[in-house]
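# Observations on the three-dimensional arrangement
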Amino acid sequence: MNLTLVKKKTHPSIPITPRRMEFSFEGIKHDDYWFDNDPVLTHLLNILSLTFPDGERFFVDSVRALRDQVQDKERQKDISGFIGQEAMHSLEHQAFNDLIANGKYDDIINHALNVTNKLLAGARQYMSKRQQLAATAGLEHFTAILADAILRRPDLVESMDPAVRNLWVWHAIEETEHKAVAFDLYKEVNGNYLERQRLFLSSTVYLIGFSSYFTWQMLKRDKTHRKPLTLAKGLWKGFGYRGVISSIIPAWFTYLKPGFHPWNDDNSALIEEWRKSLPAPKKKSAA
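In this text the structure is predicted, and so the values were computed from the model without any measurement.

All right, on to the overall build of the protein chain then. What the protein chain contains, in helices and strands, is 11 helices and 2 strands. Counting from the amino terminus, helix and strand elements in the protein chain follow one another as β-α-α-α-α-α-α-α-α-α-α-α-β. In terms of overall dimensions, the protein chain is globule-like: its C-alpha atoms have a radius of gyration of 19 Å, near the 19 Å expected for 287 residues. By its C-alpha atoms, the protein chain is 75 × 40 × 35 Å across when sized along the principal axes. Within the span of the protein chain, comprising 287 residues, buried residues form 53% of the whole. For the protein chain, contacts bridging at least 24 residues in sequence account for 85% of all contacts bridging at least 6. When the accessible surface of the protein chain is summed, it comes to about 14,400 Å², and 56% of that surface belongs to carbon and sulfur atoms. Here the protein chain holds 38 positive side-chain charges and 34 negative ones, and the gap between their average locations is 3 Å.

So, in structure tokens, the structure goes:
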């Protein structure tokens, strides 16, 4: 009797297409509280946005450095799509970051960027290519679960200023599309579980410390730190029941499972549902 072994499909077949959107952010000023008119949530996401251009260049470099280990043409196509999408994210968020930096937060933002660049430079110098890819896979899990939290919550999207909303929805869609690319490549190069978890946990510590410190600095610049009620409301929206951050904690833990794969949570139906709400891209780009 002949037995045919069929390779189990690990995720849905989703085109990973880079799209240049060229958002204008018309009507937003550098010090507007664009997320639910809340300073805590707005500054937290502003700080995360600051890390995207340099961080995503690091992601691209780590994937590009080891893509030659993959022979499958479809996987190579997905990797090219990943590289192109991350490049577009860097451009769009840089435009948004330039808007935020054009005002009273310049010194805080420069400090945050300097810290980010030093950490990434250290990673490039002292970590192997495989370790850099492991860090990328872990950080991609962060962006994927944050994206999922946004796409599953129309109330969160509606609470964003319309001038900024499309940027975050578009980014969330594309992070969902390519959420398994770095992880699959890491598994391809014989990445091991303990290394993956060690770098994931250290990245978690960095993100918590970095985002907390610089969000607090922005709040101090606004003198919001002297308004306990405002702080309490913002912290509740972020970390309370169904909060933006607290809602992703269960998904964070899934990465620790030995059998984890990003597409174990198949949220692909959200992609087309939300893409209908976006304007047409200015152009498509190839990596």
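Read on, since the account is not over.
On to the side chain of histidine 141. Along the chain, histidine 141 falls in helix H4 (residues 129-151). Polar contacts involving the side chain of histidine 141 include one to the main-chain carbonyl oxygen of alanine 251, which spans 2.9 Å. When neighbours within four sequence positions are excluded, histidine 141 is seen to be in contact with Phe200, Ala251, Trp252, Thr254, Tyr255 and Phe260.

What follows concerns the environment of asparagine 102. Along the chain, asparagine 102 falls in the loop between helix H2 (73-101) and helix H3 (106-126). Along the primary structure asparagine 102 and lysine 29 are separated by 73 residues, whereas in three dimensions their C-alpha atoms are 8.7 Å apart.

The next subject is the pattern of salt bridges. For the structure shown, the criterion picks out 18 salt bridges. A salt bridge links aspartate 32 to lysine 29, with the nearest nitrogen and oxygen atoms 3.4 Å apart. One continuous salt-bridge network, built from bridges that share partners, spans Arg19, Glu174, Glu177, Glu272 and Arg275.

Our next topic: the packing of H4 against helix H8 (residues 193-221). At a closest axis distance of 8 Å, the pairing of H4 and H8 adopts a crossing angle of 55°. Here H4 lies oblique to H8, going by the angle between them. Viewed along their axes, H4 and H8 form a crossing whose handedness is right-handed. Contacts from Arg130, Gln131, Ala134, Ala135, Gly138, Leu139, His141 and Phe142 in H4 reach Glu195, Arg196, Arg198, Leu199, Phe200, Ser203, Thr204 and Leu207 in H8. A class-by-class count of the residues in the contact of H4 with H8 yields 7 nonpolar, 5 polar and 4 charged.

For helix H9 (residues 228-239), built from 12 residues, the straight-helix expectation of 16 Å at 1.5 Å per residue is met to within 8% by its first-to-last C-alpha distance of 16 Å. Taken together, the buried positions of H9 are Leu231, Gly234 and Gly238. Buried residues of H9, viewed axially, fall in a sector of 70°; they line one side. For H9, the exposed residues lying more than 90 degrees away from the buried face are Pro228, Leu229 and Trp236. For H9, the secondary structure elements touched by its buried residues are helix H1 (39-66) and H8.

Bringing the packing of aromatic side chains into the picture now. Applying the stated rule across the entire model yields 17 aromatic pairs. Here a set of aromatic residues connected by ring pairs shows up, and it is made of Phe23, Phe25, Trp34, Phe35, Phe52, Phe96, Trp168 and Trp170. Sitting above the plane of the tryptophan 263 ring, lysine 179 keeps its charged end 4.2 Å from the centroid. Sitting over the face of the ring of tyrosine 255, arginine 196 holds its NZ or CZ atom 4.7 Å from the ring centroid.

For phenylalanine 183, the location among the structural elements is in helix H7 (residues 181-188). A relative accessible area of 2% places phenylalanine 183 in the buried class. Sequence separation between phenylalanine 183 and histidine 141 is 42 residues; the distance between their C-alpha atoms is 8.8 Å. Sequence-distant contacts of phenylalanine 183, that is, excluding residues within four places in its chain, are made with Ala137, Arg196, Tyr255, Phe260, His261 and Pro262.

The next subject is the side chain of glutamine 132. With respect to the helices and strands, glutamine 132 occurs in helix H4. Residues contacting glutamine 132, with those up to four places away along its chain left out, are Phe58, Ser62, Ala123, Arg124 and Met127.

For the pair H1 and H9, interaxial distance at closest approach is 7 Å and the crossing angle is 60°. In terms of axis orientation, H1 runs oblique to H9. Of the residues in H9, those touching H1 at Pro39, Val40 and Leu41 are Thr230, Leu231, Gly234, Leu235, Lys237 and Gly238. Residues of the contact of H1 with H9, tallied by class, amount to 5 nonpolar, 3 polar and 1 charged.

Residues Trp34, Phe35 and Trp168 are the most contacted members of the largest nonpolar core, which totals 44 residues. Elements represented by at least two residues in this core include exactly H1, H2, H3, H4, helix H5 (154-158), helix H6 (162-177), H8 and helix H11 (269-275). Among the elements that take part in this core, H6 stands out by supplying 7 residues, more than any other. Core analysis: the second largest hydrophobic core is formed by 32 residues, Leu133, Leu139, Phe200 and Trp252 among them.

What counts and how
Residues numbered from 1 in each chain as written. Predicted model: local features only at pLDDT ≥ 70, side-chain atom pairs only at ≥ 80, totals over all residues. Heavy atoms only, no water. Helix = DSSP H or I, 4+ residues; strand = E, 2+ residues; numbered from the N terminus. Rg over C-alpha atoms; globule rule 2.2 N^0.38 Å. Buried < 20%, exposed > 50% of the residue type's maximum accessible area, 1.4 Å probe, protein only. Contact = heavy atoms within 4.5 Å. Areas by Shrake-Rupley, 256 points an atom, 1.4 Å probe, with all protein chains shown as cover. Lys, Arg positive; Asp, Glu negative; His and termini not counted. Charge placed at Lys NZ, Arg CZ, Asp CG, Glu CD. Polar contact = N/O pair within 3.5 Å; in protein donor to acceptor, adjacent residues only side chain to side chain. Salt bridge = Lys/Arg side-chain N within 4 Å of Asp/Glu carboxyl O. Axes fitted to C-alpha atoms, helices over the stretch in contact; angles between N-to-C directions. Parallel < 35°, antiparallel > 145°, perpendicular 65-115°, else oblique. Left-handed = near helix turned anticlockwise from the far one by under 90°. Nonpolar A, V, L, I, M, F, W, Y, C, P; charged D, E, K, R; others polar. Expected span 1.5 Å × (residues − 1). Arc of directions from axis to C-beta. Phe/Tyr/Trp six-rings, centres within 6.5 Å; stacked < 30°, edge-to-face > 60°. Lys NZ or Arg CZ within 6 Å of the ring centre and 35° of its normal. Core = buried A, V, L, I, M, F, W, Y, C linked by side-chain atoms within 4.5 Å.

The values are spatial; any link to function lies outside them.
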